[in-house]
Amino acid sequence: MSGMDVRHRDGSGQQQAGEWVELEIGGMTCASCAARIEKKLNRMDGVTATVNYATEKAKVGYGGGVAVGDLIATVEATGYTAALPPPPAAEAPVQAPAGQAPDGELTTLRQRLTTAVVLSVPVILLAMVPALQFDNWQWLSLTLAAPVVVYAGWPFHRAAWTNLRHGAATMDTLVSVGTLAAFGWSLWALFFGDAGMTGMTDSFRLTVSRSQSGSEIYLEAAAGVTAFLLAGRYFEARAKRRAGAALRALLELGAKDVAVLRAGGEVRIPIGQLAVGDRFVVRPGEKIATDGLVTDGTSAVDASMLTGESVPVEVGPGDRVTGATVNAGGRLVVEATRIGADTQLARMARLVADAQNGKAAAQRLADRISAVFVPAVIVLALGTLAVWLGLGEGAQAAFTAAVAVLIIACPCALGLATPTALMVGTGRGAQLGILIKGPEVLESTRAVDTVVLDKTGTVTTGSMALTGVLLADGVPEEEALRLAGALEHASEHPVARAVAEGAAHRVGDLPAARDFRNLPGLGVEGVVDGHTVLVGREQLLRERSQPLPPELVRAKAAAEAAGGTAVAVGWDGRARAVMVVADAVKPDSAEAVRRLRELGLRPVLLTGDNAAVAAAVAAEVGIAAEDVHAEVLPEDKVAVVRRLQSEGRTVAMVGDGVNDAAALAQADLGLAMGTGTDAAIEAGDLTLVRGDLRVAADAIRLARRTLTTIKANLFWAFAYNVAALPLAAAGLLNPMIAGAAMAFSSVFVVGNSLRLRRFSPLAR
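So, how was this worked out
Residue positions are given per chain, counting from 1 as you read along its sequence in written order. Only residues with pLDDT of at least 70 are given local features in this predicted model, and only at 80 or more are side-chain atom pairs given and counted; all residues enter the totals for whole chains, interfaces and linings. The basis for the side-chain values is all heavy atoms of the structure; hydrogens and waters are excluded. Segments assigned H or I by DSSP are reported as helices when at least four residues long, segments assigned E as strands when at least two residues long, and all are numbered from the N terminus. To be clear on the numbers: accessible area is Shrake-Rupley with a 1.4 Å probe, and residue cover counts the displayed protein chains and nothing else. Salt bridge, as used here, is a side-chain nitrogen of Lys or Arg placed within 4 Å of a carboxyl oxygen of Asp or Glu. Burial classification: accessible surface area is computed with a 1.4 Å probe over protein chains only, and a residue below 20% of its type maximum counts as buried, one above 50% as exposed, and the rest as partly exposed. By the convention used here, strands pair only if DSSP detects at least 2 bridges between them. Axis geometry follows a simple rule: fit a line to the C-alpha atoms, using only the stretch in contact for helices, then measure angles between N-to-C directions, giving values from 0 to 180 degrees. Oblique is the label for any angle not under 35 degrees, not over 145, and not in the 65 to 115 range, which are roughly parallel, roughly antiparallel and roughly perpendicular in turn. Every residue pair with non-hydrogen atoms within 4.5 Å of one another is taken to be in contact. When residues are sorted by character, Ala, Val, Leu, Ile, Met, Phe, Trp, Tyr, Cys and Pro go into the nonpolar class, Asp, Glu, Lys and Arg into the charged class, and all the rest, Gly among them, into the polar class. Expected span, for any helix, means 1.5 Å times one less than how many residues it has. To obtain the bend at a residue, axes are fitted to the seven residues ending there and to the seven starting there, and the angle between these axes is taken. A patch consists of residues whose relative accessible area exceeds 30% and which take part in no salt bridge; residues with like charges are grouped when within 9 Å of each other, and nonpolar side chains (Val, Leu, Ile, Met, Phe, Trp, Tyr) when within 5 Å. UniProt positions are given in the numbering used here, feature names are shortened, and annotations may be inferred rather than shown by experiment. We define the nonpolar core as a collection of buried residues of types Ala, Val, Leu, Ile, Met, Phe, Trp, Tyr and Cys that are connected through side-chain atoms lying within 4.5 Å of one another. Distance and chemistry together define a polar contact, namely a pair of N or O atoms within 3.5 Å, with one atom able to donate a hydrogen and the other to accept it when in protein, and with adjacent residues in sequence counting only for side-chain atoms on both sides. Note: pLDDT gives the predictor's confidence per residue, expressed from 0 to 100. Classification of ring pairs rests on two measures: the distance between centres of Phe, Tyr or Trp rings, Trp counted by its six-membered ring, which must be within 6.5 Å, and the angle between planes, read as stacked under 30 degrees, edge-to-face over 60 and tilted in between. In this scheme, Lys NZ or Arg CZ marks a charge over a ring once it lies within 6 Å of the ring centre and within 35 degrees of the ring normal.

Re the overall build of the chain
Line of reasoning, step 1. Check the secondary structure of the chain and you find 26 helices and 27 strands.
Line of reasoning, step 2. Taken as a whole, the chain presents about 30,800 Å² of accessible surface, with 57% of it coming from carbon and sulfur.

Pasting the structure below:
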């Protein structure tokens, strides 16, 4: 993607206008590589860049005469490759991320690892077990170790040489210098020292030997370190692919072809040829090709792969459907309303990919450390060598301690700490219908203590529904529903539709009404099954000499005080019932509020409705009366959020409408219901794909869990290096043990991140 207008923040927090582009970066082997590229790009005038080691992508904002070609040239001049992502294939509107190692690269890595393991195991055994050391065993060790160091370790040496030519040092520099130094020392000892003599024996030690002789060889260290680091890199690459598996699965959900209605028949075409306005057929079991509007047929649609909602949703003419969901029931005819990159699936994928390319504040600190870490380690290794020589410990011991310092210090874990957790966390969120826009969102969830809930469409359904039937003495409820529902079915008024739908749901098929008449401002009248029926305001029935009996007057007043709309019903000359219609509270809203409280959040209800309606809804879902803000104009919602913030609260806002967009943007954390408007979704930090408020609690839980994982990863990476470097410098770590520990630290960080795949939602 490129050429879009965007705003970036520079290092001072100021915003710069310009265009942005996403580049695929090749040749990175550690976090310090990413830091180098990022530093070079950011030195260019008008450029703001973020380079992610785990996804192998750079997101670059540029302007001021800088072209994409200049950006690519800068990356290549730094010693790496850069390219624009390939254009989306015709059948797939969004390209899968290239951050994960392609299969070919994994295959090559696996071949090198297999070679290293097969050849280095005998070398290590011969060095560690004196009983296995036959005459001239050391020459067999050299024969086996040489291919490991040269062939299997070639990626480290090649990268180190490339970096050296550009005046830089990275993790590969440490590994290459360390293993070649150990191998070179062994060659010297074998050919010029005493180590090549027949009958020479050696013993393995966890610490550095203080021996002054030239009989020590470190072939097991050179081969073992190479094998351990290759194993770490291989499992890291595999884990990175697993971390991005959720996003790849999301991208692969879409249909590949579609049956379009043309000239009275069906024509099957590739999905890339579908146009807005085309009508296409979806048979039972098929995926819906793209976002659209049902024009014919009824069915149940399984949207679990997009929303996490396990129960299929009934759809019929006039209902909207989403591409990549599965038609679980009857035949549907759908008119395409969005195609390609505009579909909900494509937008979800972009949100997830953007989030995975971001960096949390803690990771930015880690990157800065990684950028200076490698040069600092080289200085420390030289210092270790000098100190040991100065203390008279001998060149061999000094050299071994310096090699251990080089190998133990590789900062891979620092570079993987945030990206892998972000990839897994955002991918798992996508599977559950939770879209996290970026790592800064994770930081916000930790501090949030107040959650503002928009009422209509968030806590309530957003549409009128029949919530109560009040009856005069001796009147059967089924008869009242049947007669009122049949008459209201002929009306287009929202209240009438709510009565008709509620009645049909409770009693089944409704009879037809005859002689229907609409009485503007009052109600409707007509004949149903031979009964003359009136439905409307109490005034209408009073004018027809059908006053409500006292018990219905009291019940109607109570219903209206609770925020409902009361509709009087009379037939055959007498008032007999009152239908209560209201914007119904969603069945899961009370449970959602309880879960938000369990997360330490204080729920606040915000609505433009009158105070009576707001109070009734708040009481039903468990929100305190003092935390209700009613009769708030759309433009004043922002003011309410600001007022709460001025009281020292950190505010999350949940909303779904255009009038919520400004408040979502103002809040410290905006949660947009995916069933709402595009404006609300764009303004939110978290998008909840389905309209279940309980998912808001799950979203905050997942975001907090991801942030906790990032912090645990960074703590491990920092603690590991801080603890291990002094041990290595003091001669307490054999280089091979140092290599194994370094590889384990990276695998541990990635493995810890993968635990997020097991995150279980409470909303089902």
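Focus: the pattern of salt bridges
Line of reasoning, step 1. Summed over all chains, the structure comprises 21 salt bridges.
Line of reasoning, step 2. For Glu525, the salt bridge identified is with Arg517, shortest N-O distance 2.3 Å.
Line of reasoning, step 3. What makes Glu525 buried here is its relative accessible area of 11%.
Line of reasoning, step 4. In this structure Arg517 comes out as partly exposed when scored by relative accessible area, which is 45%.
Line of reasoning, step 5. Linking Arg542 and Glu538 is a salt bridge whose minimum nitrogen-to-oxygen distance equals 3.5 Å. On the criterion of helical spacing, the pair formed by Arg542 and Glu538 is a turn pair, its members being 4 residues apart in helix H18 (residues 538-543).
Line of reasoning, step 6. Note on Glu538: relative accessible area 23%, which makes it partly exposed.
Line of reasoning, step 7. Ionic contacts of the salt-bridge type, sharing partners, join the residues Glu591, Arg594, Arg595, Glu598 and Arg694 into one network.

Points about the sheet that holds strand E6 (residues 257-262)
Line of reasoning, step 1. As summarised here, the arrangement of the 6 strands in space is E7-E6-E8-E14-E9-E12, forming an open sheet in which the pairing is antiparallel. Taken across any chain shown, the strands that pair with only one partner, and hence form the sheet edges, are strand E7 (265-270) and strand E12 (320-321).
Line of reasoning, step 2. Note that strand E9 (residues 292-296) and E12 share 2 bridges and pair antiparallel. Directly across from Leu293, in E12, lies its bridge partner Arg320.

Some words on the packing of helix H4 (residues 137-152) against helix H5 (residues 154-165)
Line of reasoning, step 1. Orientation of H4 relative to H5, taken along the N-to-C sense of each, is 45°, at an axis distance of 5 Å. Here H4 is positioned oblique relative to H5, judged by the angle of their axes. Taking contact as the criterion, the partners of Val149, Val150, Tyr151 and Ala152 in H4 are, on H5, Trp154, Pro155 and His157.
Line of reasoning, step 2. Looking at the contact of H4 with H5, its residues break down into 6 nonpolar, 1 polar and no charged.

What to know about the sheet that holds strand E16 (residues 450-454)
Within a sheet, each strand pairs with its neighbour through backbone hydrogen bonds, oriented either parallel or antiparallel.
Line of reasoning, step 1. Reading across from one edge, E15-E27-E26-E25-E16-E23-E24 is the order of the 7 strands in this open sheet, with mixed pairing throughout. The sheet is open, and its two borders are formed by strand E15 (434-436) and strand E24 (628-629), each paired with just one other strand.
Line of reasoning, step 2. For strand E23 (residues 602-606) and E24, the ladder comprises 2 bridges, and the chain directions are parallel. Considered in E24, the bridge of Leu606 is made with His629.

Thoughts on H4
Helical periodicity: at 3.6 residues per turn, an α-helix aligns residues three or four positions apart in one direction.
Line of reasoning, step 1. Between its terminal C-alpha atoms H4 stretches 22 Å, which fits the 22 Å expected from 16 residues at 1.5 Å a residue.
Line of reasoning, step 2. Of all the bends in H4, the largest measures some 30° and sits at Ala145, one to four residues before the proline Pro147.
Line of reasoning, step 3. Within the span of H4, buried status applies to Trp137, Gln138, Ser141, Leu142, Leu144, Ala145, Val148, Val149 and Ala152.

Some words on a nonpolar patch on the surface
Line of reasoning, step 1. Among the surface-exposed residues, Val117, Val121, Leu125, Met128, Val129 and Leu132 lie close enough to one another that they form a single nonpolar patch of about 440 Å² accessible area.
Line of reasoning, step 2. Here Leu125 shows up in helix H3 (residues 103-128).

Focus: the UniProt feature "transmembrane region" (unreviewed entry) in the chain
Line of reasoning, step 1. The residues that UniProt annotates with the feature "transmembrane region" (unreviewed entry) are residues 113-131, 137-154, 174-197, 217-235, 369-391, 397-418, 712-730 and 736-754.
Line of reasoning, step 2. Measuring from the first to the last C-alpha atom of residues 137-154 gives 25 Å, for a span that is 94% helix and 0% strand.
Line of reasoning, step 3. Segment residues 712-730 splits into 95% helix and 0% strand. End C-alpha atoms: 27 Å apart.

What about the pairing of E7?
Line of reasoning, step 1. Inspection of the sheet shows E6 paired to E7 by 6 bridges, in the antiparallel sense. Residue pairing across strands places Val258 opposite Ile269, the latter belonging to E7.
Line of reasoning, step 2. Linkage of E6 to E7, two consecutive antiparallel strands, is achieved through a turn of 2 residues, within which Ala263 is found at a positive phi near 55°.

Describing unusual backbone geometry
Line of reasoning, step 1. For Asp515, which is not glycine, the phi torsion reads 55° and is therefore positive.
Line of reasoning, step 2. By secondary structure assignment, the location of Asp515 is in strand E18 (residues 513-519).
Line of reasoning, step 3. For Asp515, a relative accessible area of 57% puts it in the exposed group.
Line of reasoning, step 4. Unlike most non-glycine residues, Ser545 shows phi in positive territory, near 60°.

Digging into the nonpolar core
Line of reasoning, step 1. Within the largest apolar cluster, 49 residues are counted, with the highest numbers of intra-cluster contacts made by Leu453, Ile623, Leu671 and Leu686.
Line of reasoning, step 2. Considering every element that reaches this core, the biggest residue donor is helix H25 (residues 694-729), with 10 residues.
Line of reasoning, step 3. Sequence-distant contacts of Leu671, defined by excluding residues within four places in its chain, comprise Ala652, Met653, Val654, Gly655, Leu664, Leu686, Leu688, Ala696, Ala699 and Ile700.
Line of reasoning, step 4. Among the nonpolar cores identified, the runner-up in size contains 37 residues, and Leu142, Phe183, Leu190 and Ala223 belong to it.

A look at helix H16 (residues 477-488)
Line of reasoning, step 1. Between its first and last C-alpha atoms H16 spans 16 Å; for 12 residues at 1.5 Å apiece the expected length is 16 Å, and the two agree.
Line of reasoning, step 2. Residues of H16 that are buried include every one of Ala480, Leu481, Leu483, Ala484, Gly485, Ala486, Leu487 and Glu488, and no others.

Considering the environment of Ala665
Line of reasoning, step 1. Inspection of the secondary structure assignment puts Ala665 in helix H23 (residues 661-666).
Line of reasoning, step 2. Here the alpha-carbon distance between Ala665 and Met653, two residues 12 residues apart in the chain, equals 8.8 Å.

Some details on the side chain of Asp627
Line of reasoning, step 1. Examined against the element boundaries, Asp627 turns out to sit in the loop between helix H21 (611-621) and E24.
Line of reasoning, step 2. Classification of Asp627 as buried rests on a relative accessible area of 5%.
Line of reasoning, step 3. Polar contacts involving the side chain of Asp627 include one to the side chain of Arg602, which spans 2.9 Å.
Line of reasoning, step 4. With residues up to four places along the chain from it excluded, the contact list for Asp627 reads Arg602, Pro603, Val604, Leu605 and Arg649.

Some thoughts on the pairing of strand E8 (residues 279-282)
Line of reasoning, step 1. Bridge analysis of E6 against E8 gives 2 bridges, and the strand direction is antiparallel. The residue bridging Ala259 from the neighbouring strand is Val281, located in E8.

Overview of the confidence of the model for the chain
Line of reasoning, step 1. In this model, the chain carries a mean pLDDT of 78, and residues with pLDDT of at least 70 account for 80%.
Line of reasoning, step 2. Across residues 1-17, where pLDDT falls below 50, the model places 35 contacts with residues more than four positions away in sequence or in other chains.
Line of reasoning, step 3. A low-confidence stretch, residues 88-101 (pLDDT under 50), is modelled with 37 contacts involving residues beyond four sequence positions or located in other chains.

Notes on the packing of aromatic side chains
Line of reasoning, step 1. Taken as a whole and assessed by the stated rule, the structure comprises 3 aromatic pairs.
Line of reasoning, step 2. Consider the rings of Trp139 and Phe191, whose centres lie 5.3 Å apart with planes at 75°: the pair is edge-to-face. Residue Trp139 is located in helix H4, and its partner Phe191 is located in helix H6 (residues 171-191); the two are separated by 52 residues in the primary sequence.
Line of reasoning, step 3. The ring of Tyr151 carries Arg112 above its face, with NZ or CZ at 4.7 Å from the centroid.

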